[in-house]
Amino acid sequence: MNCKTIETANASFNVVDQGEGSPILFVHGFPLDHSMWRFQIETFSKTNRVICPDLPGFGKSHLKSDSEMSLELLGNSLAELLTELQINEPLVFCGLSMGGYVGWQFWKNHSRLLCGMVACNTRAANDTEQVARGRQIGAESVRKTGAAPIADALIPKLFYQPESDKIKLVAAEVRQVICKTDRESIASGQIAMSQREDSTPWLDRIELPVLFIAGQHDPITPSSEMRENARLVPKSCIREITNAGHMTPLEQPDEFNDALREYLDQISTNR
Ligand code: MLT
């Protein structure tokens, strides 16, 4: 995976830009970076132009101004990145969890840049008051303790089989990514998610084909809730990845990639 640095007016991006063909934008979850998409970068860059950034504040990307992080700001910064990369055709936005929350915002402000969306292990609803309060407490605590306790609490929820040899390896890498993330960005990310809009009312207005990808055993974004979201989008389908939790692209890359490939083939036939 070759990363490059791209400067936009508001952010400095570390981004993978690999391959040629119809572009796909992969957007990671919280508090991770582009490396969670490694199996998709490898596979889809053979046939597509794969754009896979670290969101500003995560990995090696950062916001240039002191602006408060919000999901809308992250979505807008991605639109600026696409301009800098001279992406001149509509692309597929594929976001996981927080990356999916950014995706709804991206659709709201930049739908003309899109020909499709893939919503992985994510939800349209915003936080309940209780969840939002929990995030605010979490933000205060990460500022004091750093990222390691968050990593320890998150890993068992992200993976369905954290004890299997295959998953132990990727989980250890994900833990490293979380531990390297700036504690202030983790706090800002939590606050940004706690303040996000409810995107549910937008779903029946999305005219694009949307693929929902759920994990059979995802405790964070249950597949039942994703099914309800999918029913609201006029042109949608849902795939449930078996033996996977929240990190479907890393846990079951072959099944995930087959689902994404089938969707890409369908949208290219219908265009
Ligand atoms: C993620 O994976 O991005 C997070 O689980 C999102 C969240 O905390 O709601």
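Up top is the structure.
Residues numbered from 1 in each chain as written. Predicted model: local features only at pLDDT ≥ 70, side-chain atom pairs only at ≥ 80, totals over all residues. Heavy atoms only, no water.

A. Looking closely at the site of the ligand. Taken together, Gly29, Phe30, Ser97, Met98, Tyr101, Arg135, Met193, Ile220 and His246 make up the full set of residues adjacent to the ligand. In this structure, an oxygen atom belonging to the ligand sits 3.0 Å away from a side-chain N or O atom of serine 97. Within the side chain of histidine 246, one N or O atom sits 2.8 Å away from an oxygen atom of the ligand. For the ligand, whose free accessible area comes to 270 Å², the fraction covered by protein is 92%. (Near = heavy atom within 4 Å. Polar contact = N/O pair within 3.5 Å; in protein donor to acceptor, adjacent residues only side chain to side chain. Areas by Shrake-Rupley, 256 points an atom, 1.4 Å probe, with all protein chains shown as cover.)

B. Layout of empty space enclosed by the protein. The tally for this structure, following the rule as stated, stands at 3 cavities of 30 Å³ or more. Roughly 40 Å³ of internal volume is contained in the largest cavity. The wall of the largest cavity is formed by Leu71, Tyr101, Trp104, Gln105, Arg123, Ala124, Arg196, Glu197 and Ser199. In terms of residues, the lining of the largest cavity owes the most to one element, helix 3 (residues 98-110), which gives 3 residues. By residue class, the composition of the lining of the largest cavity is 4 nonpolar, 2 polar and 3 charged. (1 Å grid on protein atoms, 1.4 Å probe; cavity = no way out; pocket = protein on both sides within 12 Å on 5 of 7 lines; lining within 4 Å. Points joined across faces, edges and corners; volume = space filled by probe spheres on them. Helix = DSSP H or I, 4+ residues; strand = E, 2+ residues; numbered from the N terminus. Nonpolar A, V, L, I, M, F, W, Y, C, P; charged D, E, K, R; others polar.)

C. Inspection of the pairing of strand 2 (residues 11-18) at higher detail. By the criterion of burial, strand 2 is predominantly enclosed, with 7 of the 8 residues buried. Where strand 1 (residues 3-7) lies against strand 2, 5 bridges are found, and the strand directions are antiparallel. The partner of threonine 5 across the bridge, within strand 2, is asparagine 14. If you look at the hairpin formed by strand 1 and strand 2, you'll find 3 residues sitting between the two strands. As judged from the 2 bridges shared by strand 2 and strand 5 (residues 62-63), these two strands associate in the antiparallel manner. Pairing of serine 12 across the sheet is with histidine 62, part of strand 5. Two strands pair when backbone bridges link them, and strand 2 and strand 4 (residues 49-53) are joined in this way by 4 bridges, in the antiparallel orientation. Within strand 4, the residue paired with valine 16 across the bridge is cysteine 52. (Buried < 20%, exposed > 50% of the residue type's maximum accessible area, 1.4 Å probe, protein only. Pairing = 2+ DSSP bridges.)

D. Looking closely at helix 7 (residues 183-194). Helix length check: helix 7 (12 residues) gives 17 Å between terminal C-alpha atoms against 16 Å at 1.5 Å per residue, within 8%. Of all 12 residues in helix 7, 9 are buried; the element is thus mostly enclosed. Those residues of helix 7 that fall on the buried side of the exposure criterion are Ser185, Ile186, Ala187, Ser188, Gly189, Gln190, Ala192, Met193 and Ser194. Of the surrounding elements, those touching the buried residues of helix 7 are helix 2 (71-84), helix 3, helix 4 (129-145), helix 5 (148-158) and helix 6 (165-180). (Expected span 1.5 Å × (residues − 1). Contact = heavy atoms within 4.5 Å.)

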